[in-house]
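# Coordinates in review
As a plain string of letters, each chain reads:
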Amino acid sequence: MGTIIVACQTIRDEVNLAIAETRVNYPVLWIESGLHNFPDRLGQKIQKEIDRIENVQTILLAFGYCGNSLLGMSSSRAQLIIPRVDDCISLLLGSYERRQTLDKEVGTYFLTKGWLENEQNLLTEYERCVVKYGKEKALKVMKMMLNNYHRLMVIDTQAYQSEGILIKTKRFADALGLSHEKIDGSSRLLKKLLTGPWDAEFAIIQAGEKVTLEHMIMNNIVEQSDTQRVCVISS
């Protein structure tokens, strides 16, 4: 009886780095990117993959709570270990508290290489709008969507070269009148997920038990649990 990691493709670089640095040899089951804006579908996909897993004692879920997508999750065969964070942003920053502190400073939209390549985000939506409506209208729409945001922050997770990403995000931030910052990420929580100890920062769901809101409550993360959604202009 062993251990398997179930992780989002969006944070593949960071998970692989944590695996290399901790030298664990657990297999990884990757969940396709692009589902964060659809918590129900994300949860269904994760559950489907969990149901297929056999002959393991422990399943490490490299996910945050992600808009209640893990609510009701269960395995009849293995225990589930889940970081008690609201989403992958907190996971890559190293803690929910650090994310909360940054959000309290100023409305912040976070990006990583994985989000730029694999998820629907403000930059991809802006580019789509420019093609369809022209730059002037696209900028107007983006400013409306970003009414509550004043800072674009790139998380440098040290899992890849960030120079090219920073050039692209700086150009976008300048166009929208947002401040642009880079912040170092942290692999602390990912490494702790892989090696333990699984203390109060993690929910431990025993085999046959379902994930509930109570499992994820730590510093009121459930109240904050929501992904950064992108408003899509109807065709």
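Use the structure listed above.
What comes next concerns the included structure. Predicted, not measured: the structure shown is a model, and the values here were computed from it.

Take helix 9 (residues 188-195) next. All buried positions along helix 9 are accounted for by L189, L190, K192, L193 and L194. Buried residues belonging to helix 9 abut strand 1 (2-8), helix 1 (12-22), strand 3 (56-62), strand 4 (79-83), helix 3 (88-93) and strand 8 (202-205). Just downstream of helix 9 lies G196, where phi reads positive at about 80°.

Glancing now at the packing of aromatic side chains. Here the structure, examined in full by the defined rule, presents 2 aromatic pairs. With 5.4 Å between their ring centres and 65° between their planes, Y126 and F172 make a pair best called edge-to-face. You can see Y126 sitting in helix 6 (residues 122-133) and its partner F172 sitting in helix 8 (residues 163-176), a full 46 residues away along the chain. Take F172: its relative accessible area is 4%, and that puts it in the buried class. The ring of Y160 carries K113 above its face, with NZ or CZ at 5.4 Å from the centroid.

This brings us to the packing of helix 6 against helix 8. At a minimum axis separation of 11 Å, helix 6 and helix 8 run at an interaxial angle of 65°. Crossing of helix 6 over helix 8 shows left-handed handedness. Between helix 6 and helix 8, the contacting residues are L122, L123, Y126 and E127 on the first element and K168, T169 and F172 on the second. A class-by-class count of the residues in the contact of helix 6 with helix 8 yields 4 nonpolar, 1 polar and 2 charged.

Cut-offs and rules
- Residues numbered from 1 in each chain as written.
- Predicted model: local features only at pLDDT ≥ 70, side-chain atom pairs only at ≥ 80, totals over all residues.
- Heavy atoms only, no water.
- Buried < 20%, exposed > 50% of the residue type's maximum accessible area, 1.4 Å probe, protein only.
- Helix = DSSP H or I, 4+ residues; strand = E, 2+ residues; numbered from the N terminus.
- Contact = heavy atoms within 4.5 Å.
- Phe/Tyr/Trp six-rings, centres within 6.5 Å; stacked < 30°, edge-to-face > 60°.
- Lys NZ or Arg CZ within 6 Å of the ring centre and 35° of its normal.
- Axes fitted to C-alpha atoms, helices over the stretch in contact; angles between N-to-C directions.
- Left-handed = near helix turned anticlockwise from the far one by under 90°.
- Nonpolar A, V, L, I, M, F, W, Y, C, P; charged D, E, K, R; others polar.

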